[in-house]
Structure formats: structure tokens, C-alpha cells
Amino acid sequence: SRHRFRTSCTCCWDVASSARMAPRSPLAAPLLGASEGQLSGIGFTAAVLSLVKGCIGAGVMALPWATIQGGAASAPALILLGAWNGYTGWLLLDCDAPGSYSDLVRLALGRGGVVLLEGSLLVVLFGVCVSFQVQAATLLSSLPSLGRLASHDVYALITGAALLPLVLQRSFSGIAAISIAALAVLCLGLTAVGLWGLWAEGAPTLPPQLLEPPTAHGFADFLGVAAFSFGGQVFVLPVRDAMARPRLAATAVGVSTAAILAVYAAVGAGGASLFWRAGVKQLVLLNIEPGSPCASLVYSCSAAVALLSVPLVFVPLVGIASGLLPAPSEPRLSALAPSPQPQPMQPWRREAPLRALLLLLTSAAAAATRDFGLLTGILGCLANLSALLLPPLIHLRLRGRRPASAARPAAVRTALAATDALLLLAGFASCAGPALLIVQQLARRAGEEGPEGLPP
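Residues numbered from 1 in each chain as written. Predicted model: local features only at pLDDT ≥ 70, side-chain atom pairs only at ≥ 80, totals over all residues. Heavy atoms only, no water.

*Asks:* Can you walk me through the overall build of the protein chain in this structure?
*Replies:* For the protein chain, the count of helices and strands is 16 helices and four strands. When the 456 residues of the protein chain are sorted by exposure, 50% land in the buried category. Of the contacts formed within the protein chain by residues at least 6 apart in sequence, a portion of 82% connects residues at least 24 apart. Accessible surface, the protein chain as shown: approximately 19,900 Å² in total, 68% of it carbon and sulfur. (Helix = DSSP H or I, 4+ residues; strand = E, 2+ residues; numbered from the N terminus. Buried < 20%, exposed > 50% of the residue type's maximum accessible area, 1.4 Å probe, protein only. Contact = heavy atoms within 4.5 Å. Areas by Shrake-Rupley, 256 points an atom, 1.4 Å probe, with all protein chains shown as cover.)

Pasting the structure below:
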């Protein structure tokens, strides 16, 4: 049985307008496949904006805190990470194969590669939903009028109840407007933080932490948050297929990467320079004085936008999760005329309980998680799998199958193969190294828990 999910969009903000999936297996129809009603003929500017919007999100709120954690290594590491993401995006385009990221993985690595890709995306998408709910619960519990009524845990569960009718709706016709509103409120929030910092802290000055080498755990926190803020490789091939001039896709990837890098550097360094004296919060919005009218407005709007962003992420999350389940069937309603073969269950009757169950799990995880920076760090390590590790591996595997590859000089082909191998090793290190440090940090915190079970 098959089912559809639809998302309305504009060409400047979303690349695909609808997609079809096969729920019987995650391998039968890859998540990131080409959509039937895909927009065609979008211009260069629209392609760049689509790639930029695919990356800039909730992770940007933790960049000032991550910059302090990264110390003197934060600026060069951010530039290197941005260039690395841009290059891996070019690697996917250089494979010169039609279809989606999942199609490319299937061609290069087979069924196992698709399982690895979509399995990692399942975990990352689940974690993104949790991060939105953690952000909303943290902001709501930080408001003086609401913080006295309930704790973070309770607000995390309340966000789940508020999200239930949103994730159960069958139509997502308002997703484009919600997406644009989310970006607008994000810009409004960052502007309010900057103006508040200038008024409360004075002119920005260079934090002394940025002149000191970071600790291993501090650098792992920075790398995880920064990696979580990139990871737009999954949008590269759909954007290419939607462009009126696909040969400009590589240029669009380069321009969008430079724009994203400039925004992240400005937000990270600017927030760190403004608030290092008072201490940069994991969510930089929390540096606004909680009792002020400005904080109440910004916190409330940001919490609402965080919740309204969850239904969009639920679309691919449910798509992958339903593909892991066997296709159920149900008999005909009439017992007098039994069917020789069972009839397939309607897609919505199959999806609704799954959506409710996933929302229950994300709400429980959000209630158990208060460390937004640590959560984004863990998700960043997982996102590196699809962003930094798989593209060079795919490029290596397909190097002999591309017509354009044979026309290149032997020296160029050798240099590209050597670069792919080097990036493959670096990609593995970017996934495993920070992950091990984060696990060690979690173990240390668990050993230091106080009598009430909360980290000191």
C-alpha cells in the first residue's frame, strides 16, 4: 500500500511540494527521493535561499555558547567545517547521477547504505523534534509568570499535548507560511538579543576565552553544535533537479555555504563578544533579562515558532518510521462476503497511531533533557554521517562510472581519489571523536549527580 504526504511551499523557501513513499519498507522508496510535483525552473537566487534555509534553524541559538566553548579553535574550525560541507555538497553533484541522495547511496553502497543513511536520519529527525520541544519548554519555564507555575518537565509534556492536533492533521498547507514566519521570528529574536546586549553590556569586546586553547570537551561541544547547524547535503540534489539551469547548482552550493558561514560567524562571535562577561547561555535568547517585557515577547514568540516547526519535521520522520513497519491489512467489513485477499489498511488509519506514539516519545525525551547544547552536540555527531562521511565514500565508489571522470587527466583523478580517502578518514573522526567525548561527559555528569538526580 502507498500513501502521500503533501507540503505547500513557495519556490524561494521549499524545493519539493509533494512526495510519495512506500510504507512497506524503508528501502522500497528512499525518503529523499525525487517528488512527483517537484517545482521546476526555479532561479539561482531561489536555489541559494532554499539551501540557506535548509541549514539555518534552532542550532544558531547555541552558536554563541559554542563559540566560547571552542575558544581559539572556534573560528578556524568553523571556517574549515563550512568549507568541508561545501565540498561534500560538490562531491554529490560531481557524481553526475540522477535522483535523490538516497538513490545515490543505493547506487554506490546498495541496500546497506540506504539503511545506514535513513537510519541515521531517523535518529536525527527524532532528535530535532526533541530539540524544538526542549527549546520551547526552556523558554516557557524561564518566564517569571509561567516559571512559578510548573517546571521544565511539565512544560515539555504540555508542549506534546499542544502539538497533538498539529501532528495529526492530514494537510500541511500552511507549512510554507509557518516556515517563513519561523525564520522571521528567528531574525527578530537575534536582533532583540543584539540590541539588549548593546544596552545592557555595552560595546562588544573580544572574549578572553577566544584567545585560549579549548579543552577537549569544550571543542567537542563546539564541533557538535556547529555540525548540527550545517548538514544541508540532503537538499543539494533536490535543489539541482528543481533548478532551471542545473549546471549552476555547484555555484549555488558555494554561494549558500559562504552565506551560511557568514551568518554563523556573525552570530557566534557577536553573541560571545556581547555576553561573555555575564556568561553566555546555551540558548542565547536567555541572556535577555527574563523579567523584562522584551524577554516575555521574544520568549513567547520563539517558543511558539519552535512548536510550529515540529509538524514539518514530522513529515519525513513518520515517512521513515512507517517504512520500518510491516504493511498491515484488515478484512472486509461484511462477514457475508469475505474477501479472498485482505484489503490494505488506509494510510491515515496506519499513520495516526504512529504519529501519536512518536509525539509521546519526543515529549518524554524532552522532559528528560534540559541541556540544549549537549543535545545539539549529539545530533551534530550523527548528522556528520550523512553530511561528511557518506559523500566522499559515494564519490570514491562511483568514480569509475561517471563519463566526466574518464575525461579528466590522470593526475586530477588521482588527486580527487586521494582527497576522498582523506575526507573519509576525517569524516569518521568527526563522527567518532566528539561522540566519545560527549559520552564521557555524560558519564561524568551521571557520576556527579546530586541527591535529587540533577547535575550540579
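Now that the structure has been shown, the text picks up again.
*Asks:* What am I meant to see in the nonpolar core here?
*Replies:* Burial of nonpolar side chains together is a common tendency in soluble globular proteins. Ranked by internal contacts, the top residues of the largest apolar core, which has 109 residues, are L81, Y101, L104, Y264, Y299, F314 and I394. It is helix α4 (residues 101-142) that provides the largest number of residues to this core, a total of 18 residues. Sequence-distant contacts of Y299, that is, excluding residues within four places in its chain, are made with L139, S142, L143, L285, L286, I288 and P290. (Core = buried A, V, L, I, M, F, W, Y, C linked by side-chain atoms within 4.5 Å.)

*Asks:* Help me understand unusual backbone geometry in this model?
*Replies:* With glycine set apart, most residues show a phi of negative sign, and most peptide bonds adopt trans. Even without being a glycine, D96 presents a positive backbone phi close to 50°. Relative to the helices and strands, D96 is located in the loop between α3 (74-94) and α4. Overall, D96 belongs to the exposed group, its relative accessible area being 52%.

*Asks:* Explain a nonpolar patch on the surface here, please?
*Replies:* A contiguous nonpolar patch, built from V123, I378 and L382 and spanning about 200 Å² of accessible area, is present on the exposed surface. Summarising the element assignment, V123 is placed in helix α4. (Patch = residues over 30% accessible without salt bridge, like charges linked within 9 Å, V, L, I, M, F, W, Y side chains within 5 Å. Salt bridge = Lys/Arg side-chain N within 4 Å of Asp/Glu carboxyl O.)

*Asks:* Can you help me understand the packing of α4 against helix α11 (residues 293-308) in this one?
*Replies:* Any two packed helices are characterised by how steeply their axes cross, that is the angle between the axes, and by the distance between the axes. Two elements in contact, α4 and α11, have axes separated by 8 Å at closest approach and are oriented at 160°. With respect to α11, the axis of α4 lies roughly antiparallel. Viewed along their axes, α4 and α11 form a crossing whose handedness is left-handed. Of the residues in α11, those touching α4 at F132, Q135, A136, L139, L140 and S142 are Y299, S302, A303, A306 and L307. Grouping the amino acids of the contact of α4 with α11 by side-chain chemistry returns eight nonpolar, three polar and no charged. (Axes fitted to C-alpha atoms, helices over the stretch in contact; angles between N-to-C directions. Parallel < 35°, antiparallel > 145°, perpendicular 65-115°, else oblique. Left-handed = near helix turned anticlockwise from the far one by under 90°. Nonpolar A, V, L, I, M, F, W, Y, C, P; charged D, E, K, R; others polar.)

*Asks:* When you look at the packing of aromatic side chains in this model, what are you seeing that I'm missing?
*Replies:* Note on aromatic pairs: each is described by the distance of the centres and the angle between the planes. Enumeration according to the criterion identifies four aromatic pairs in this entry. Where F230 meets Y264, the ring centres are 5.3 Å apart and the plane angle is 80°; that geometry is what we call edge-to-face. On the criterion of sequence distance, the pair formed by F230 in the loop between α8 (216-229) and α9 (233-242) and Y264 in helix α10 (residues 249-275) is long-range, its members being 34 residues apart. For the residue pair F230 and Y264, the accessibility class agrees, reading buried in each case. (Phe/Tyr/Trp six-rings, centres within 6.5 Å; stacked < 30°, edge-to-face > 60°.)

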